[in-house]
Amino acid sequence: MRDTLLGALVSPASIALVGASNSEGKLTARPMRFLRRHGYAGRIYPVNPARETVLGEKAWPSVSAIPGKVDFAYILVDADPAIEALKDCAAASVKVAAILADGFAEAGEEGERRQAEVQRIAREAGLLIGPNSMGVVHTSAGFAATTNAAFGAEEIGRGRLAVISQSGSVIGTLLSRGAARGIDFSTFVSVGNEAASGIGEIGEILVDHPEIDGFLLFMETIRDREALGRFAAKAHAAEK
């Protein structure tokens, strides 16, 4: 199961971009543009019921309408539509879903209600990243499912360090500052609110990846010390 999640997380065979925009200048158009720019070879399915095509690709009305399996879904719509999209992903047996939207635990009582609903759905679905996630990048696969503008660079170096960050902006900072110093990375994961899967759980999945030698963690709090401890022990045992 963990091997299946590892592949779906960093080198999925297919990705659905829920709410992908046809306007290249918009934030929600960035993931498709970046995936193309950096050579992602998997299938890209833009999901936008208001359009027949998005940036030249056939658009689908929902994830469940897509033929075949979807490994990864990046949900780019606002909070309440994101919850409905997550339900659709669960129904379609999507292995990994990431939610960009804010308006969850940080947004008062209504936000807490939304986050509890997301957690409930996640218990019945696959791996959930976010909400407030700026996405996932795996450089050797050209997989740049992110809205962070730094990944719009013409080229991204390929290294052997993985970044797992509670801050979405920090992944772009490390990419650009690292490149200026000759430091490249393997993987970036922006975990956001960690509603269902946090740094510890993501680290446990990534620790077995043969292209990763070490980890950088950006943390503002520890939400699950047991999971973090398991990850640290596994990384230590693997000499990473």
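Structure: above.
In this text, all values refer to a predicted model and were calculated from it rather than measured experimentally.

## Some details on the overall build of the protein chain
Part 1 of the argument: Within the protein chain, the regular secondary structure consists of seven helices and twelve strands.
Part 2 of the argument: Here the C-alpha radius of gyration of the protein chain, 17 Å, is about what a compact globule of 240 residues would show, namely 18 Å.
Part 3 of the argument: For the protein chain, the spread of C-alpha atoms along the principal axes amounts to about 50 × 40 × 30 Å.
Part 4 of the argument: Split into buried and exposed, the 240 residues of the protein chain put 52% on the buried side.
Part 5 of the argument: Restricting the contact set of the protein chain to residue pairs at least 6 apart, pairs at least 24 apart contribute 71%.

## A look at the environment of Ser197
Part 1 of the argument: Along the chain, Ser197 turns up in the loop between β11 (185-190) and α6 (199-206).
Part 2 of the argument: Residue Ser197 is classed as buried on the basis of its relative accessible area, which comes to 6%.
Part 3 of the argument: Taking the C-alpha atoms as reference, Ser197 lies 17 Å from Asp208; in sequence the two are eleven residues apart.
Part 4 of the argument: Setting aside chain neighbours within four positions, we find Ser197 in contact with Leu127, Leu128 and Ile202.
Part 5 of the argument: A polar side-chain atom of Ser197 sits 3.3 Å from the main-chain carbonyl oxygen of Leu128.

## A word on the pattern of salt bridges
Part 1 of the argument: Taken as a whole and judged by the stated rule, the model has 13 salt bridges.
Part 2 of the argument: The residue Lys87 makes a salt bridge to Glu84 at a minimum N-O spacing of 3.3 Å. Of this pair, Lys87 and Glu84 both sit in helix α3 (residues 79-91), separated by three residues, roughly a single helical turn.
Part 3 of the argument: Assessed through its relative accessible area of 48%, Glu84 is described here as partly exposed.
Part 4 of the argument: For the salt bridge of Glu117 with Lys87, the shortest nitrogen-to-oxygen distance reads 3.7 Å. Remark: Lys87 occurs in helix α3 and Glu117 occurs in helix α4 (residues 108-123); sequence separation between them is 30 residues.
Part 5 of the argument: Connected through shared salt-bridge partners, Asp80, Glu110, Arg113 and Arg114 make up one network.

## Some remarks on α3
Part 1 of the argument: Look at α3: 19 Å from first C-alpha to last across 13 residues, which is about the 18 Å you get at 1.5 Å a residue.
Part 2 of the argument: Taken residue by residue, α3 has Ala79, Ala82, Ile83, Ala85, Leu86, Asp88 and Cys89 as its buried positions.
Part 3 of the argument: Among the structural elements, β1 (14-18), β5 (72-75), β6 (96-99), α4 and β7 (127-129) are those in contact with the buried residues of α3.
Part 4 of the argument: The positive-phi residue at the C-terminal boundary of α3 is Ser93, with phi of around 60°.

## A look at the sheet that holds strand β2 (residues 43-47)
Part 1 of the argument: Within the open sheet, the five strands sit side by side as β2-β1-β5-β6-β7. Their pairing is parallel. The open sheet terminates on both sides in strands that have one partner only, identified here as β2 and β7. Each neighbouring strand pair of the sheet contributes to a mean axis angle of 15°, computed without reference to strand direction.
Part 2 of the argument: Direction of pairing for β5 relative to β6: parallel, over a ladder of four bridges.

## Topic: the sheet that holds strand β12 (residues 214-218)
Part 1 of the argument: Strand order in the open sheet made by the five strands is β9-β8-β11-β10-β12, with mixed pairing throughout. Taken across any chain shown, the strands that pair with only one partner, and hence form the sheet edges, are β9 (143-146) and β12. The average undirected angle you get between the axes of adjacent strands in this sheet is 20°.
Part 2 of the argument: Here four bridges tie strand β8 (residues 135-138) to β11, and the two strands are oriented antiparallel to one another. In the sheet register, His138 faces β11, and the bridge partner there is Thr187.

## Points about α6
Part 1 of the argument: Counting buried positions over the eight residues of α6 gives seven, a clear majority of the element.
Part 2 of the argument: Taken together, the buried positions of α6 are Ile199, Gly200, Ile202, Gly203, Glu204, Ile205 and Leu206.

## Brief notes about the nonpolar core
A general tendency of soluble globular proteins is for nonpolar side chains to be buried together.
Part 1 of the argument: Counting residues in hydrophobic clusters, the biggest one holds 41 residues, and the most contacted among them are Leu9, Ile15, Leu17, Phe72, Ile164, Ile202 and Leu206.
Part 2 of the argument: At five residues, the largest contribution of residues to this core is made by helix α1 (residues 2-10).
Part 3 of the argument: Once residues lying within four places of it in the same chain are set aside, the contact partners of Ile164 are Val189, Val191, Ile199, Ile202, Gly203, Leu206, Phe215, Leu216, Leu217, Phe218 and Phe231.
Part 4 of the argument: With 26 residues, the next largest nonpolar core counts Val18, Tyr45, Val118 and Leu128 among its residues.

The rules behind each value
- Residues numbered from 1 in each chain as written.
- Predicted model: local features only at pLDDT ≥ 70, side-chain atom pairs only at ≥ 80, totals over all residues.
- Heavy atoms only, no water.
- Helix = DSSP H or I, 4+ residues; strand = E, 2+ residues; numbered from the N terminus.
- Rg over C-alpha atoms; globule rule 2.2 N^0.38 Å.
- Buried < 20%, exposed > 50% of the residue type's maximum accessible area, 1.4 Å probe, protein only.
- Contact = heavy atoms within 4.5 Å.
- Polar contact = N/O pair within 3.5 Å; in protein donor to acceptor, adjacent residues only side chain to side chain.
- Salt bridge = Lys/Arg side-chain N within 4 Å of Asp/Glu carboxyl O.
- Expected span 1.5 Å × (residues − 1).
- Pairing = 2+ DSSP bridges.
- Axes fitted to C-alpha atoms, helices over the stretch in contact; angles between N-to-C directions.
- Core = buried A, V, L, I, M, F, W, Y, C linked by side-chain atoms within 4.5 Å.

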